[in-house]
Amino acid sequence: MSHETFFIYLLLMAGTTYLIRAIPFVLVRKRIRNIYIRSFLTYIPYAVLTAMTIPAIFYATGSIWSAAVGLFAAVIMSLFGFGLMPVAVVACVAVYATEWVMTCIIQ
């Protein structure tokens, strides 16, 4: 890819990102008072983060089974109210242990 093409793509993406963030500020001038719209807007970041994270979980490991075990461990830990670091560590250990057990069983 040439430098000119790269910078054209970069400008288009920057413009698109800016417009997506700027249009709501231009169109909505007063405070949103509708409780349904407010609750919808409250949960959008969580839904987007989940939609981006869950597929990445299943492609980040060597097996879909170890990914499922890690996801299950993370969900259980988070349901019990643990913070991000303990949840991430337990999920990584669960994936590593599952991969190790699967390697031992196959050999």
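Provided above is the structure to which this section pertains.
These notes cover the structure that comes with them. None of these values were measured; they are calculated from a predicted model. (Residues numbered from 1 in each chain as written. Predicted model: local features only at pLDDT ≥ 70, side-chain atom pairs only at ≥ 80, totals over all residues. Heavy atoms only, no water.)

### Some points on the state of the cysteines
Covalent bonding between the sulfur atoms of two cysteines defines a disulfide.
Right, so step 1: According to the stated counting rule, one finds 0 disulfides in the structure shown.
Right, so step 2: Of the cysteine sulfurs around Cys 92, a residue in no disulfide, the closest is that of Cys 104, at 19 Å.
Right, so step 3: With relative accessibility at 43%, the residue Cys 104 sits in the partly exposed group. (Disulfide = S-S within 2.5 Å. Buried < 20%, exposed > 50% of the residue type's maximum accessible area, 1.4 Å probe, protein only.)

### Looking at the packing of aromatic side chains
Right, so step 1: The final tally for this structure, using the stated rule, is 2 aromatic pairs.
Right, so step 2: With 6.4 Å between their ring centres and 50° between their planes, Tyr 43 and Tyr 46 make a pair best called tilted. Here Tyr 46 and Tyr 43 lie together in helix α2 (residues 35-59), a separation of 3 residues that amounts to about one turn.
Right, so step 3: What makes Tyr 43 exposed here is its relative accessible area of 55%. (Phe/Tyr/Trp six-rings, centres within 6.5 Å; stacked < 30°, edge-to-face > 60°. Helix = DSSP H or I, 4+ residues; strand = E, 2+ residues; numbered from the N terminus.)

### A short note on helix α3 (residues 64-79)
Right, so step 1: In this model, α3 (16 residues) spans 22 Å end to end at C-alpha, consistent with the 22 Å of a helix rising 1.5 Å per residue.
Right, so step 2: If you check which residues of α3 are buried, you get Ser 66, Ala 67, Gly 70, Ala 73, Ala 74 and Met 77. Buried residues of α3, viewed axially, fall in a sector of 125°; they line one side. Turned more than 90 degrees off the buried face of α3, the exposed positions are Ile 64, Trp 65, Phe 72 and Leu 79.
Right, so step 3: Summarising the contacts, the buried residues of α3 are in contact with α2 and α4 (84-106).
Right, so step 4: You can read the cap of α3 off the contacts: a side-chain oxygen lies 3.1 Å from the backbone nitrogen of Trp 65, and it is on Ser 63.
Right, so step 5: Following α3 by one or two positions, Gly 81 has its phi on the positive side, about 90°. (Expected span 1.5 Å × (residues − 1). Arc of directions from axis to C-beta. Contact = heavy atoms within 4.5 Å. Polar contact = N/O pair within 3.5 Å; in protein donor to acceptor, adjacent residues only side chain to side chain.)

### Topic: the environment of Met 102
Right, so step 1: Of note, Met 102 is situated in helix α4.
Right, so step 2: Linking Met 102 and Leu 79, residues 23 residues apart in sequence, is a C-alpha distance of 27 Å.
Right, so step 3: Excluding residues that lie within four positions of it along the chain, Met 102 makes contacts with Ser 63, Trp 65 and Ser 66.

### Some details on the layout of surface pockets
Right, so step 1: Approximately 520 Å³ is the volume attributed to the largest pocket.
Right, so step 2: Contributing to the lining of the largest pocket are 22 residues, with Thr 53, Ile 54, Ile 57, Leu 71 and Ala 74 lying nearest its centre.
Right, so step 3: Put simply, the parts of the chain that give the lining of the largest pocket at least two residues each are α2, α3 and α4.
Right, so step 4: Class assignment of the residues belonging to the lining of the largest pocket gives a composition of 16 nonpolar, 6 polar and no charged.
Right, so step 5: Volume-wise, the second largest pocket comes out at about 220 Å³.
Right, so step 6: If you trace the second largest pocket, you find it lined by Arg 21, Pro 24, Phe 25, Val 28, Arg 29, Lys 30, Ile 32 and Leu 41.
Right, so step 7: With 3 residues, the top contributor of residues to the lining of the second largest pocket is helix α1 (residues 3-27).
Right, so step 8: Its residues assigned to classes, the lining of the second largest pocket comprises 5 nonpolar, no polar and 3 charged. (1 Å grid on protein atoms, 1.4 Å probe; cavity = no way out; pocket = protein on both sides within 12 Å on 5 of 7 lines; lining within 4 Å. Points joined across faces, edges and corners; volume = space filled by probe spheres on them. Nonpolar A, V, L, I, M, F, W, Y, C, P; charged D, E, K, R; others polar.)

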